[in-house]
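# Architecture and fold: a report
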Amino acid sequence: MIRGIIFDLDGVIVDTAKYHYLAWQRMAQKLGVKFTEEENEQLKGVSRRGSIEKIMNWGGITLPEHEIEHWMKVKNEWYLEYVEAMSPSEILPGAAEIIAEAKSLGLKISLGSASKNSQFILERVGLIQEFDALVDGNVVSASKPDPEVFLTGAKLLQLDPEECIVFEDAVAGVQAAKNGNMTVVGIGDETVLQEADFNFQSMADFSLKSDIIEKI
Ligand code: B16
Ligand code: MG
């Protein structure tokens, strides 16, 4: 029986990938390396450190540890300038409705995100009060596809993994949920997220009860 829902943040509730892109691109320009939108796609669900390591790798550069730390800090300050300006109008289509449906069904709700800025983002878009638990990059150390982020969410909701549904837009996130024995709904390109149990192009394309819960 399903008792809880765990939402990824970027790509499921809000599109912060575009702000990560602008901030990483600004850093890449300062470092004199190329960084494309296609490469940014590959950073979805990847931690901040994992992201800078990939960008250095693609650009064919290495940096000493103190410079890596410096650029992660500066990139995050630039990123937060964009987040600061976010409002509820940036909630992705359907996301608020699915959260409301989950509440009306009496389900508990957790976040399961790699971001260390998740609380601030949820505050900016006015959804923070909907969550019973927040699990993000400040709480867990292992990156997706390790299931730690989702297993911690289930634990905080006092549920078994089998009682939870995860919503994810990244391949590593779908794998993390499967590795944690949870039902996973892939949001986005079905051919990319083929390991998910259910696939929808967006959060606006289904009803939680009739399209997912009643079909498990
Ligand atoms: P931060 P998610 C992820 O969010 C993003 O998709 C990824 O691009 C970002 O690098 C990561 O969070 C860390 O974010 O720099 O804010 O700590 O999809 O796991 O909600
Ligand atoms: Mg995501």
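Residues numbered from 1 in each chain as written. Chains lettered and ligands numbered in written order. Predicted model: local features only at pLDDT ≥ 70, side-chain atom pairs only at ≥ 80, totals over all residues. Heavy atoms only, no water.

What follows is about the site of ligand 1. Surrounding ligand 1, one finds 19 residues, the nearest of these being Val46, Ser113, Ser115, Lys116 and Asn117. Here an oxygen atom of ligand 1 sits 3.0 Å away from a polar atom, N or O, in the main chain of Leu43. Side-chain polar atom of Arg48 to an oxygen atom of ligand 1: 2.8 Å apart, as the coordinates give it. Burial of ligand 1 by the surrounding chains reaches 98%, relative to a free accessible area of 470 Å². Where the shell around ligand 1 is concerned, the elements lending two or more residues are helix H3 (48-59) and helix H4 (65-84). Per-class residue counts for the shell around ligand 1 are five nonpolar, seven polar and seven charged. When residues of the shell around ligand 1 are assigned to domains, at least three fall in each of domain 1 (4-14 + 90-215) and domain 2 (17-83). (Near = heavy atom within 4 Å. Polar contact = N/O pair within 3.5 Å; in protein donor to acceptor, adjacent residues only side chain to side chain. Areas by Shrake-Rupley, 256 points an atom, 1.4 Å probe, with all protein chains shown as cover. Helix = DSSP H or I, 4+ residues; strand = E, 2+ residues; numbered from the N terminus. Nonpolar A, V, L, I, M, F, W, Y, C, P; charged D, E, K, R; others polar. Domains from an automatic or database assignment.)

Below, the discussion takes up the nonpolar core. Within the largest apolar cluster, 51 residues are counted, with the highest numbers of intra-cluster contacts made by Phe7, Ile13, Phe131, Phe167 and Ile212. No other element matches the seven residues that H4 contributes to this core. Three or more residues apiece are contributed to this core by two domains, here domain 1 (4-14 + 90-215) and domain 2 (17-83). The contact partners of Phe7, leaving out residues within four places of it in the chain, are Val12, Ile13, Ile98, Ile99, Ile109, Ser110, Leu111, Gly112, Phe131, Phe167 and Met203. Core analysis: the second largest hydrophobic core is formed by 18 residues, Ala154, Cys164, Ala177 and Val184 among them. (Core = buried A, V, L, I, M, F, W, Y, C linked by side-chain atoms within 4.5 Å. Buried < 20%, exposed > 50% of the residue type's maximum accessible area, 1.4 Å probe, protein only. Contact = heavy atoms within 4.5 Å.)

Keep in mind these values describe shape, not function.
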